[in-house]
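For reference, the chains in residue letters:
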Amino acid sequence: MAASTQQLKADVLVVGAGIAGLQASLDLADQGKSVVLVERKPSIGGTMINLSKVFPTLDCASCITTPRMASVAHHANIDLFTLSEVDGIEKAEGRFRATITKRPRYIEEDRCIGCKRCEEACTVFLEDDFDHGLGAKKAISIPFTNAIPQYPVLDAENCLLCGACAKVCPTQCINFLQEPKQVEVDAGAVILATGFELTPIDAKPQYGRGGFPNVLSPLQMERLLAPHGPYGGVMRPSDGQTPSSIAYVQCAGSRDKSLGVPYCSRVCCMYAIKQAMLLSGSLPIADITIYYMDIRAFGKGYEQFYQNARAMGVEFVKAKVARISEDEGHNPILRIERQEAGTGPEEVRHDLVVLSLGMVPAWKPSQGGLIAVEADTDGFLKSPGMKLSPALTTMDGVFAAGTATGPKDIVDAITDAGAAAMAATNYLARTQPAPARHLP
Amino acid sequence: MSEGEQQGGERKGNYALEQLKQVRATRGAGTPAQIERSRRGKEMQNLILRAIADEAKTVPEISAETGLPEQDVFWWITALRKYNRVQDEKKRGDFVPYRKK
Amino acid sequence: MTETNTSALEPSGDPVRVGVYVCHCGGNISDVIDTKAVAAALAAHPNVAVSNDYMFMCSDPGQALIIDDIKANHINRVVVAACSPTLHEITFRKALQRAGLNPYLFEYVNIREQASWVHKGDHEGATRKAVRLVAAGVEKVVRQDELFPIKVGVEPHVVVVGGGVAGMSAAVALAGRGLGVTLVEKGVALGGRVADLDRVYPTEERGADLVQDLTRQVEGHSRIDVRLGSEVVGLDGHVGKFAVTVRTSSAAPDDQDHLVRAGAVVIATGFDHYKPAQGEHGFGESPAVVTLPDFQAALRQCPASRRGLQVNGRPARSVAFIHCVGSRQIDGVHAPQADGKVNDYCSRTCCTATLHTIRQVQSRFPDVDVYDLHKDIRTYGRGHEAYYEDASRAGALFFRFPDEEPPTFAASTGGEYAGTVTTRDILTWGEELEIPVDLVVLATGMVPRDIASLIDLRKLPVGADRFLQEVHPKLRPVETGVAGILLAGACQGPMDINEACTAAQTAAVKAAILLANPTIELDPFVAVVDGERCDGCGKCLAECEYVGALTMADVEQAGATVRHAVVNPAMCVGCGACAAVCSPRAINVAGWTLDQFDAMVDAIIAEDVGALAHTECRAGVRHIEFAVISGGN
């Protein structure tokens, strides 16, 4: 194994190719810095590429993300590793040595032409993680339409080894014997853009622990709203019915000490409002209700966006949702306590409910692996220079971008990535003797 | 690392078969649970496709005809729709009828 | 410096073969427009060799379609019908370049904003309109000159306007990168608004310490030239090479103006506190009504003593904090600002600032009764929510007033307290409450600084909220519409210290990218003179608004000396005012010639795309390349 380990040297190692990692990589590479970018999923793009449209401009998420994905993939200064895990990063003599495992796709990338014939031929249907289980994929499939790179991945766990894919492959690129590859990177600085996950939908017993088919996570709703989403429209997973009454439960995974998430996740108010607006566009006769505690529309143009949603007829009800159950027709029933004009608890029935889940870190230092930086009490990376040097972590030369240091929306994550790239650039200028080109 | 040797040039037609033999020998071709799941999946696909072969039907209609739970029917419709085996028809009320392609 | 533009006529000889690509824009277009029909209609155009539609043209596979057609199908002109060119024009030009085609042999037709979004209810009409717009794009691109970017040598120096934490952060970051910086501050000291703050949330550091930390870094940097008591009064030139006039009023009269050459300019002019109108919640009518910044200053000066909290020499036993003063205003409820508009935006920082202040009151003066009157509590940031919880736990009472009914204050004469705040409270089912108070603290929001004179220097874009406007919040979040002029901090919108420093460092990285190479490339869409047609009449000169962009000069032509218009391509903005008055059509904006416009109009009014004439590769298509514009003086 050791003999085949690929060795690379770079100015900066960026971990995570969501929007923050992509932006940080571009902001470094465009200055002439060499970057190794490592993504654990088969495609770059992170959570953002999974979204339908984004607030407050309502641009389609793909239209903002794919050009950056393409720029990263084509950039002469960026080496990209997908389906790859950073096993560990050690600091020694002012440099960072990272070991990376590139997991097998079971196809040979230099042969594959992305024709999708393998995917068509495969007979094993699986839940599609890109559609959060709502849709299907095959045991060999290209992760999604505009994935980068456009290579299929064979799910070895679920492949029945029937060989149908290999039979139809015109370039004979399928390789069932492929092994993981080791890569070693020697970098001058590190940017952690490890991102977030939603608070688990099954965390709260009062909300059914994820057992109700018509109680969705917000990312599932993003997929229903997305063009070419799993259903071709917004329908109920239980029976394919077009809902006429949809409710959002705000703070379903935030500001909740019982979940260990006492903080505000910053994005849930805005994505709920955005989805509500998109829903009232695609289902003009549907009633859309948002049950909330405080509407936190704090970003540039967000308050105006919120007021537009109110003017469009989205109903905002200040209420606590104590419990969710369902009837025999899988209609979710919300037990609510209104704060305005309260008349005691009441039960309301909706066709479809979205739990506005919050953000938790995708990688926590307490998990071990990766790198020995410290976490704060909220589980996200600690920011020792929060006010003036927001990109710093507890290790010199290691910087954080995006939601690694706490919930952020896309606008803030992108700006944060620029600051991380600047901090890493200046760290290199201080610590690495090689002078920057042309500058005095 | 057999992979390194194979990259580049033409492969012989039965390379995959050789590989599959090797992998099946070490790993087995699916657990009994996976094989059962696959069999059950094919069965549901066939039931659904038969139900909508001549006439477009909604999820509740297919469910009533096949006896399969609505949620399972809808998931398979989604799967078959994605891989071009099923097409949408004009919406009837709150439901989309589906027809075999 | 001499800027000549070499304009050679060079027919390429290949037949004109246009590729047309119609994007679905993930439903944004295809939900309304029949993109297949548009592609099919354009296929009938005699110059169109390939016409396709695709879900996301901007994606990698979408771009690959174009590249493959250029290579395999010998496409030599490309039209993409998609979203706004501000989003993806550069994306596609780069794709052409990767395929080995001149990136300007490309036309972007916006059928989203100009067709699908504005004709949502009329699918057929929108589709017909899209066909005509795309046909016009084809007619334009077949007449497109082969253009080359203008290359400009860059000054490795940046002018940062504003010496608050954002400006200082940007300056330190840029200097660390090896760039020279001139930091221009209007006041007598660095530090801006943060210097006024006692403790900052959520780290509880002292504002003065933060300022001192940054000031030390600024002053310790040999590459940073700090100009206090100074303002920018001139901003000429262009990205890569601005000429910035910095005026220091305190200097000797003949030494006040200092010219700085800079490749980029970072604006970090910050914000002002909203000043409540006379009578707004009783402001200006009673000494018992103060703003949050004034209260913070008073709190800082109030000694800890058994006399309790004293503000302006009066005891404050009961204090009401009112949120959203000057923010989240509603038309018809709030009086408009000077420009006739209300401040409908959220000021982002005041909720946490208020609760942070409440916590200071509670911990220093636990006997003070605290009331918090809000619409929503927006303690969104890391560590912010704790202030809300702690304030509530320590006994602050929270009331939520309806958006349309802000609380009022009435001073009392001779009562026990200074007055009464009256509010309706949603949390107790709309009950009207009267709260006896000694003091009302108005959580005033942020408004942009008055930087009209700076804005006017380059017509900088300003949003409806009067803050400086970025090009796009996600694609180009710190760039203004003027290339090379960047935004840092609260001049762009309300931000706290952390956010302002983040934005500043992002602005710094964008400047560092612009100035990373000895030359940068500018779009070649500038005026070009056809020497054979120019009769030297000078009408164009009278129309040109941009100093140095256009001159009249004697040039040698066919053995004779003739008077011609001459363009400085780096100064010309390509506005086309000159082309509009030139009757012999001698001056044209490259890439936007009058011949192209004529053909586009003909295509738009044509009934049938297939009936449009085939355009041969004509001698009229030129190859336009500019000399490098040097850096330095």
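This structure is a prediction, so every number in the text was calculated from the model and none was measured.

What is the right way to look at the overall build of chain B in this model?
Helices and strands together make up the secondary structure of chain B, namely five helices and two strands. The order of helices and strands in chain B, counted from the N terminus, is α-α-α-α-α-β-β. Looking at chain B as a whole, 24% of its 101 residues qualify as buried. Residue pairs in contact within chain B that sit at least 24 positions apart in sequence constitute 43% of those at least 6 positions apart.

Which parts of the structure should I look at to understand the arrangement of the chains?
Out of two pairs of chains that touch, the pair holding the most contacts is chains A and C. Chain B makes no contact with chain C; the smallest distance between any of their C-alpha atoms is 15 Å.

Which parts of the structure should I look at to understand the pairing of strand β17 (residues 315-326) of chain A?
Consecutive side chains of a regular strand alternate in pointing toward one face of the sheet and then the other. Residues and elements named next belong to chain A. Sheet analysis places strand β16 (residues 287-292) next to β17, joined by four bridges and oriented parallel. In the strand pairing of β17, Tyr 292 is matched with Lys 318. As paired elements, β17 and strand β18 (residues 332-338) share seven bridges and run antiparallel to each other. Paired with Arg 323 across the strands is Arg 335, a residue of β18.

I would appreciate a short explanation of the environment of B:Lys90 in the present structure.
Residue and element names in this part refer to chain B. With respect to the helices, strands and loops of the structure, Lys 90 is situated in the loop between β1 (86-88) and β2 (98-100). Judged by C-beta crowding, with 7 C-beta atoms within 10 Å, Lys 90 ranks as exposed. Distance in space between the C-alpha atoms of Lys 90 and Trp 76 is 19 Å, their sequence separation being 14 residues.

Teacher, can you tell me more about the sheet that holds strand β14 (residues 215-216) of chain A here?
Residues and elements named next belong to chain A. Judged by pairing direction, the sheet is mixed, and its seven strands sit side by side in the order β14-β20-β15-β16-β17-β18-β19 without closing on themselves. Taken across any chain shown, the strands that pair with only one partner, and hence form the sheet edges, are β14 and β19 (346-349). Strand contacts of helix α6 (residues 268-282): β15 (245-249), β16 and β20 (352-355), with the helix running at about 170° to β16, the strand carrying the most contacts.

Could you clarify how one ought to interpret the interface of chain A and chain C in this entry?
Size of an interface: often given as the accessible area lost when the parts come together. With 62 residues of chain A in contact, the opposing surface of chain C contributes 66 residues. Of all elements in the fold, only α2 (61-74), α7 (302-311) and α8 (410-431) of chain A reach the threshold of two or more residues within the side of chain A that touches chain C. By residue number, the principal contributor to the side of chain A that touches chain C is α8(A), which donates 13 residues. Along the lines of polarity and charge, the residues of the side of chain A that touches chain C split into 31 nonpolar, 19 polar and twelve charged.

For this particular structure, what's the right way to read the packing of α8(A) against helix α12 (residues 497-514) of chain C?
Packing of α8(A) against α12(C) leaves a shortest axis separation of 7 Å and a crossing angle of 65°. Crossing of α8(A) against α12(C): the hand is left-handed. From α8(A), A:Thr415, A:Asp416, A:Gly418, A:Ala419, A:Ala421, A:Met422, A:Ala423 and A:Thr425 reach across to α12(C), where they touch C:Thr502, C:Ala503, C:Gln505, C:Thr506, C:Ala508, C:Val509, C:Lys510 and C:Ala512.

I tried to follow the nonpolar core on my own but got confused; where do I start?
Within soluble globular proteins, side chains that are nonpolar generally end up buried alongside one another. Counting residues in hydrophobic clusters, the biggest one holds 367 residues, and the most contacted among them are A:Val190, A:Ala420, C:Val134, C:Ala170, C:Val265, C:Val266 and C:Ala488. For this core, the leading source of residues is α8(A), giving 13 residues. Aside from chain neighbours lying at most four places away, what touches C:Val266 is C:Val158, C:Val160, C:Val161, C:Ala170, C:Leu486, C:Ala488, C:Ala507 and C:Ala511.

So what exactly am I meant to see when it comes to the domain arrangement of chain A here?
Residues and elements named next belong to chain A. By the assigned domains, chain A splits into domain 1 (2-102 + 180-195 + 362-431), domain 2 (117-168) and domain 3 (200-359). Between the C-alpha centres of domain 2 and domain 3 there is a distance of 31 Å. On the domain 3 side, the residues contacting the five residues of domain 2 number seven residues. Grouping the amino acids of the side of domain 2 that touches domain 3 by side-chain chemistry returns one nonpolar, three polar and one charged.

Cut-offs used in this document
- Residues take numbers from 1 onward in each chain, read along the sequence in its written order.
- As they are written, the chains are lettered A onward and the ligands numbered 1 onward, keeping that order.
- Note on the predicted model: pLDDT of at least 70 is required for a residue's local features to be given, and 80 or more for side-chain atom pairs to be given and counted; whole-chain, interface and lining totals, by contrast, use all residues.
- Only DSSP runs of H or I covering at least 4 residues are called helices, and only runs of E covering at least 2 are called strands; the numbering of each starts at the N terminus.
- Buried residues are those with 20 or more other C-beta atoms within 10 Å of their own C-beta, exposed residues have 12 or fewer, and partly exposed residues lie in between; C-beta atoms are placed from the backbone.
- Residues are defined as contacting one another if the C-beta atoms placed from their backbone atoms lie within 7 Å.
- Note on pairing: DSSP must find at least two bridges between two strands before they are called paired.
- Axis definition: a line fitted to C-alpha atoms, limited for helices to the stretch in contact. Angles are taken between N-to-C directions and run from 0 to 180 degrees.
- When residues are grouped by polarity, Ala, Val, Leu, Ile, Met, Phe, Trp, Tyr, Cys and Pro land in nonpolar, Asp, Glu, Lys and Arg in charged, and all others, Gly among them, in polar.
- Helix crossings are classified by the rotation of the near helix relative to the far one: an anticlockwise turn of less than a right angle makes the crossing left-handed, while a clockwise turn makes it right-handed.
- Here, a nonpolar core means buried Ala, Val, Leu, Ile, Met, Phe, Trp, Tyr and Cys residues linked by C-beta atoms lying within 7 Å of one another.
- Domain start and stop points were drawn from an automatic or database domain assignment.

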